[in-house]
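Architecture and fold: a report
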Amino acid sequence: MRRLLAAWFIGVLAGVWQVAVSPFISLPVQWILPFSILALIASHRSRAYAIAFGGGLILDIFSLQSASFYTFEWLLTIGLLDLAQRWLLTDKSIYSALALCVIGQHIFWFFGWMIGSVSMWLHINIYPWHIDPFPFQTMLWQSALVATGFLLIATGTQRMTSHTEHRPYG
Amino acid sequence: MIISRKSTTIFVGLIVSAVILLALPSTPFGGFMRWIFTPLIQATSRFTQAFRGAQTACTSDTVSRLQDVEARLRTLRVDYITLKTLQEENQSLRAQAKFLQASGYDSVGAHVIGRDIYADRALLLIDRGSNDHLELGQAVVSDAGIFVGKISVLHERLATVELITDPQSRVAASLVGGKQLIGVLEGKGNGAATLTYIPSSEKIERDQLIVTSGTEDKITAHLPLGVINVVEGKSTDPFLRAAIEPLLPVESITNVSVLRPTVLAPSL
């Protein structure tokens, strides 16, 4: 339970970054997706959901629009990434992590577009959805963060090492 | 691959909780969470803006832009001196006659703790809300008294300010020193705004200052809006248009004041 709360708080801090820091600097760095993917790969999936829930909660509470659904979008995104990680990218390698990062970002953009279009059609929001102003740089930063985090976890812990016993031939 | 029922239940429960808790308007849970996390957002935002301000340095683009602005400001010197004189006299009269109470407006300061500036929107998030007796449509001005926008979304402790460059923004405008409405200032996104529905009989030219006309509810008159940049249209057209340059770059807005009617001010 404590680790779940800690993961939720990490998500909250990631959301705080996106609300109070990211708009004021010219660095397209976002933390919710990298933290969630690292939790999916290196920890338990419940913590990935907790990070997404915490980050989405902050984005929704401090949204500048009359209605937003970031929590819903992030949970759906992490849910699909969880399925992809369990069905397709089953090996817990840095390549899987990077693939999940790219897939996850596109899934999040797709849900943002879909929910944004529906909310505009229902006159809930007046502003259309738009992709990040620097999508390629955003993807690059996300991938760099995931790769860095993965390597730090791999070198700092034994979670990513193979436990296959090595026997010399003969 | 079998998906555990527990994982599915947790996932669906979180989704449903998120929808119920956040999709409902004026949810008490949302207000409670804002009360909890607003101080953290405020502190983080102020630190970021202070750090960013210390890092800002003059680039070659900024220097050429400054030179252009300085050249245009020279032509406004006479107007500024006249306005300054009137302002000082006005301040003196206000202090003597308690003008704010007579005019019916007072101001409450607020910090900008978030923003959403893109090509299709220009919004600021401030740390004041309905608890501070703010209302939708109230005018928001900068430290120097320049009109920057109106309140468009209101929560108990937070509010969203729709800047004049936002495509949804519409502000009634007149010329400085003029008494009649001459047009509507429409935001165009990307930091631009246009004055539309200018009667062709009006004599307007570049570098003229435009101000709020005071014909809108909750927005007082004579708040500076911007400077006329380019006038478009022919004399035979029923209406003219003019590109307006805002007086304040969005990046420099860190503290604002909301003008509210004194009848809503908290009693002491």
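Preceding this paragraph is the structure being described.
Before going into details, it helps to say that this report is about the structure given with it.

Cut-off values and rules
Residues numbered from 1 in each chain as written. Chains lettered and ligands numbered in written order. Predicted model: local features only at pLDDT ≥ 70, side-chain atom pairs only at ≥ 80, totals over all residues. Heavy atoms only, no water. Axes fitted to C-alpha atoms, helices over the stretch in contact; angles between N-to-C directions. Helix = DSSP H or I, 4+ residues; strand = E, 2+ residues; numbered from the N terminus. Parallel < 35°, antiparallel > 145°, perpendicular 65-115°, else oblique. Left-handed = near helix turned anticlockwise from the far one by under 90°. Contact = heavy atoms within 4.5 Å. Buried area = accessible area lost by both parts, 1.4 Å probe. Salt bridge = Lys/Arg side-chain N within 4 Å of Asp/Glu carboxyl O. Polar contact = N/O pair within 3.5 Å; in protein donor to acceptor, adjacent residues only side chain to side chain. Nonpolar A, V, L, I, M, F, W, Y, C, P; charged D, E, K, R; others polar. Pairing = 2+ DSSP bridges.

Residues and elements named next belong to chain A. Viewed as axis vectors pointing N to C, helix α3 (residues 45-61) and helix α4 (residues 70-87) meet at an angle of 160°, and their least axial separation amounts to 7 Å. As the angle between them shows, α3 and α4 are arranged roughly antiparallel. Between α3 and α4 lies a crossing of right-handed hand. Two secondary-structure elements touch here, α3 through Arg-45, Ala-48, Tyr-49, Ala-52, Phe-53, Gly-56, Leu-57, Leu-59 and Asp-60 and α4 through Tyr-70, Thr-71, Trp-74, Leu-75, Ile-78, Gly-79, Asp-82 and Arg-86.

Now for the interface of chain A and chain B. Facing 38 residues of chain A, the contacting portion of chain B comprises 42 residues. Counting the surface lost from both chain A and chain B, the interface buries some 3700 Å², and carbon and sulfur atoms represent 75% of this. Contact with chain B buries surface across chain A, with Phe-24, Leu-64 and Tyr-127 of chain A losing the most and accounting together for 23% of the total. The tally of links from chain A across to chain B stands at zero salt bridges. For the pair chain A and chain B, the number of links is five residue pairs in polar contact (both at pLDDT 80 or more). Looking at the side of chain A that touches chain B element by element, the count peaks at eight residues for α4 of chain A. When its residues are assigned to classes, the side of chain A that touches chain B shows 28 nonpolar, seven polar and three charged.

Time to look at the pairing of strand β10 (residues 224-232) of chain B. Residue and element names in this part refer to chain B. Taken together, the three bridges between strand β9 (residues 209-212) and β10 define a ladder with antiparallel strand orientation. Bridge assignment links Leu-209 to a residue of β10, and that residue is Val-227. Note: β10 against strand β11 (residues 239-246), six bridges, orientation antiparallel. Bridging across to β11, Glu-232 finds its partner in Arg-241. Here β10 folds back onto β11 in antiparallel fashion, the turn holding six residues, of which Gly-233 has a positive phi close to 120°.

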